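What the coordinates show
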Amino acid sequence: MTLDKKKILVVGGATGIGRATAIVCAQRGAEVIIGDLDVVEGNATAEACNGFFIELDVTNESNVMDMCESIGRRYLRLDGLVQTAGILRGAYVSIEDFSVDMFRKVLEVNTVGSFLCAKYAMPLLKRSLRPVIVLVSSGAAHGVSSSYAYGTSKGGVSALGITMEGKLAAEGIRVNVVCPGGINTKMKLSVIAEDARRTGQDPEAAVNNASLTLGDPIGVAKILAFLLSDEADYVRGSIATR
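So, here is what we can say about the structure in this document. (Residues numbered from 1 in each chain as written. Predicted model: local features only at pLDDT ≥ 70, side-chain atom pairs only at ≥ 80, totals over all residues. Heavy atoms only, no water.)

Turning our eyes to something else, we now look at the layout of surface pockets. Roughly 1100 Å³ of internal volume is contained in the largest pocket. Secondary-structure elements contributing two or more residues to the lining of the largest pocket are helix H1 (16–27), strand S2 (31–36), helix H4 (100–125), helix H5 (148–168) and helix H6 (186–198). A total of five residues in the lining of the largest pocket trace back to one element, the largest contributor, which is H6. When the residues that make up the lining of the largest pocket are grouped by side-chain class, the tally is 17 nonpolar, 17 polar and eight charged. In this structure, the second largest pocket spans a volume of roughly 190 Å³. (1 Å grid on protein atoms, 1.4 Å probe; cavity = no way out; pocket = protein on both sides within 12 Å on 5 of 7 lines; lining within 4 Å. Points joined across faces, edges and corners; volume = space filled by probe spheres on them. Helix = DSSP H or I, 4+ residues; strand = E, 2+ residues; numbered from the N terminus. Nonpolar A, V, L, I, M, F, W, Y, C, P; charged D, E, K, R; others polar.)

Below, the structure written as structure tokens:
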């Protein structure tokens, strides 16, 4: 399976699943662009995969539009968009205490951000022979999340992907949604630590124990890289991982 010479944009590619995906795609021959708000880690990922970093705030429509215009000038097209950017706020906060501002912020990043990236990447994707969009949702979209906002936002990402799949198939654009389970990322470990503090346990011990059983981001990255390849042409809909 190869991604030779494919132009792949990984949004949220500075850390976690996004970073792993950028590196795996590069190893398989892709030219990788990383869009992320984290400049230090984003540049480090770009260096690790011989890619190109663009500072990006997915909640800023003009910023997303400028990024896509910059990619168009440099690469002319996109063959794949992977949207992994996301935040989790309000873990274990009751609905009575959950602030509306926090709820909106999470939806802005996770759901609206996914929409904006797909919207402005579309002209570049339409220049590809076999364009692919992969949205990273979460198992929390179909189960019980620690956060009202996160679970809701990822449900929105899944629904957005399903809607795009139906509407864009006629234009030759394949859309898949991936829902990772328990993966060893900074965000996941922060939730585990918060739960430990909430229940009177040792956060460090809880994180260390969880790290032994959580999945490796590289495992999800390999699935995302496969979906971006021509070999995944027959794959439809949403995919759950461990």
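Further remarks concern the sheet that holds strand S1 (residues 7–11). Taken together, seven strands build an open sheet; the order of strands is S3-S2-S1-S4-S5-S6-S7 and the sheet is parallel. The two strands at the open ends of the sheet, each matched to only one other strand, are strand S3 (52–55) and strand S7 (237–240). Each adjacent strand pair in this sheet contributes to an overall mean axis angle of 20°, direction not counted. The pairing of strand S5 (residues 132–136) with strand S6 (residues 174–179) spans five bridges and is parallel. Each bridged residue has a counterpart across the sheet, and for Val134 the counterpart in S6 is Asn176. (Pairing = 2+ DSSP bridges. Axes fitted to C-alpha atoms, helices over the stretch in contact; angles between N-to-C directions.)

Per the counting criterion, the structure on display carries eight salt bridges. Its salt-bridge partner being Asp230, residue Lys6 comes within 3.1 Å of it at the nearest N-O pair. Separated by 224 residues along the polypeptide, Lys6 in the segment before S1 and Asp230 in the loop between helix H8 (217–228) and S7 bring together distant segments of the chain. Between Arg198 and Asp195 there is a salt bridge, and its shortest N-O distance comes to 2.5 Å. Of this pair, Arg198 and Asp195 both sit in helix H6, three residues apart, roughly one helical turn. Using a relative accessible area of 23% as the deciding quantity, one classes Asp195 as partly exposed. (Salt bridge = Lys/Arg side-chain N within 4 Å of Asp/Glu carboxyl O. Buried < 20%, exposed > 50% of the residue type's maximum accessible area, 1.4 Å probe, protein only.)

Geometrically, a pair of aromatic rings is defined through the distance of the ring centres and the angle of the planes. Under the definition given, this model contains three aromatic pairs. Residues Phe98 and Tyr148 carry aromatic rings whose centres are separated by 6.3 Å and whose planes lie at 90° to one another, so their mutual orientation is edge-to-face. Of this pair, Phe98 sits in the loop between strand S4 (80–83) and H4 while Tyr148 sits in helix H5, placing them 50 residues apart in sequence. The exposure class assigned to Phe98 is buried, which follows from its relative accessible area of 11%. Using a relative accessible area of 41% as the deciding quantity, one classes Tyr148 as partly exposed. The rings of Phe98, Phe103 and Tyr148 are connected pair by pair, giving a single aromatic cluster. Note that Arg74 overlies the ring of Phe52, its terminal NZ or CZ placed 3.8 Å from the centroid. The ring of Tyr120 carries Lys119 above its face, with NZ or CZ at 5.3 Å from the centroid. (Phe/Tyr/Trp six-rings, centres within 6.5 Å; stacked < 30°, edge-to-face > 60°. Lys NZ or Arg CZ within 6 Å of the ring centre and 35° of its normal.)

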